[in-house]
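# Coordinate analysis (summary)
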Amino acid sequence: MRQLILDLLPDTTPSLENFVAGSNGEALTGLAAWLAPTNREPQLFLWGEPGAGKSHLLQACEAAYTDARLDPDLSTMPATGDFHAVDNVDALSDDGQMRLFSAINRLHGSAGRLLSAASVPPLRLALREDLRTRLGSSLVYRLRALSDGEKIAALTEQASARGLVLPPEAFNYLFARAPRDMRSLAALLVSIDRYSLEHQRPVTLPLLREILQTSLDI
């Protein structure tokens, strides 16, 4: 059901503006400063549990993005360019580790930048020592997943901005049946708003059931 719901969601491009920081304000501020043209630090590393927003931020930074979980050898990582983002580096194969180590050396020599992420801090990665040491020299920030309360507060604010009125029980209903990461929930809110407007009906639990059932019938 999760994939069917994801297929129903509108495509929302990740950006720094649509990232809900929650308790991650320090990390978001640090990342924004690191992205500034005047920054001279070559590497920044984000770590945290699944759903904390690491992939969102890596894709939001307009770097050449590669996900090691999908491409552990980094075979699709461009051999050129001065700004790369490598997600899930803890999933790198031996060949992928060699490629990333070479890329770091090249970027250091050309004043390029590397943004990377994993579920654990760099020095706890089960990678070759030289690569772990290079990643450990990055600026390091931890990301924490939003609590349900933070998600509800953010979604309530987004709904209010759209003029969308949700019943109090709507969030618990969605949390039990839809993907719980903030990006998917925010995109689902857009779908709910569109469906409500198209059918000229207020948002109620029966309407939410209808929307989610639509995804099962596609």
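Whatever comes next refers back to the structure up there.
The structure contained in this document is the topic of the report that follows.

Reading the values: the criteria
- Residue numbers run consecutively from 1 along every chain, following the written order of its sequence.
- Confidence filtering applies because this is a predicted model: local features only for residues at pLDDT of at least 70, side-chain atom pairs given and counted only at 80 or more, and all residues used for totals across whole chains, interfaces and linings.
- With hydrogens and water stripped out, all remaining heavy atoms of the structure feed into the side-chain values.
- Think of a nonpolar core as a cluster: buried Ala, Val, Leu, Ile, Met, Phe, Trp, Tyr and Cys residues, connected wherever their side-chain atoms sit within 4.5 Å.
- A 1.4 Å probe rolled over the protein chains alone gives each residue an accessible area, and that area as a share of the maximum for its type sets the label: buried under 20%, exposed over 50%, partly exposed in between.
- Helix numbers and strand numbers start at the N terminus; a helix is a DSSP run of H or I with at least 4 residues, a strand a run of E with at least 2.
- Every residue pair with non-hydrogen atoms within 4.5 Å of one another is taken to be in contact.

## Quick word on the nonpolar core
Core analysis: the largest hydrophobic core is formed by 24 residues, its most contacted members being Leu155, Leu164, Leu166, Ile192, Val203 and Leu208. Elements with a contribution of two residues or more to this core: α6 (148-161), α7 (170-177), α8 (182-199) and α9 (205-217). Here the element with the most residues in this core is α8; it accounts for 6 residues. With near-sequence residues (within four places) excluded, Leu166 lies in contact with Ala159, Phe171, Leu189 and Val203. Counting residues in hydrophobic clusters, the runner-up holds 20 residues, among them Phe45, Met77, Ile104 and Leu107.

## What to know about unusual backbone geometry
Residues other than glycine predominantly adopt negative phi, and peptide bonds predominantly adopt the trans conformation. Here the phi dihedral of Leu74 falls at roughly 55 degrees; this positive angle occurs in a residue that is not glycine. Structurally, the position occupied by Leu74 is in the loop between β2 (64-67) and β3 (83-87). The phi dihedral of Asn88 is positive, around 55 degrees, even though this residue is not glycine. Secondary-structure assignment places Asn88 in the loop between β3 and α4 (94-109). A relative accessible area of 6% means that Asn88 is categorised as buried.

## Considering the side chain of Gln97
On the secondary structure map, Gln97 appears in helix α4. Among the residues examined, Gln97 registers a relative accessible area of 7% and is labelled buried. With residues near it in sequence (within four places) discarded, Gln97 still touches Leu92, Leu127, Arg128 and Leu131.

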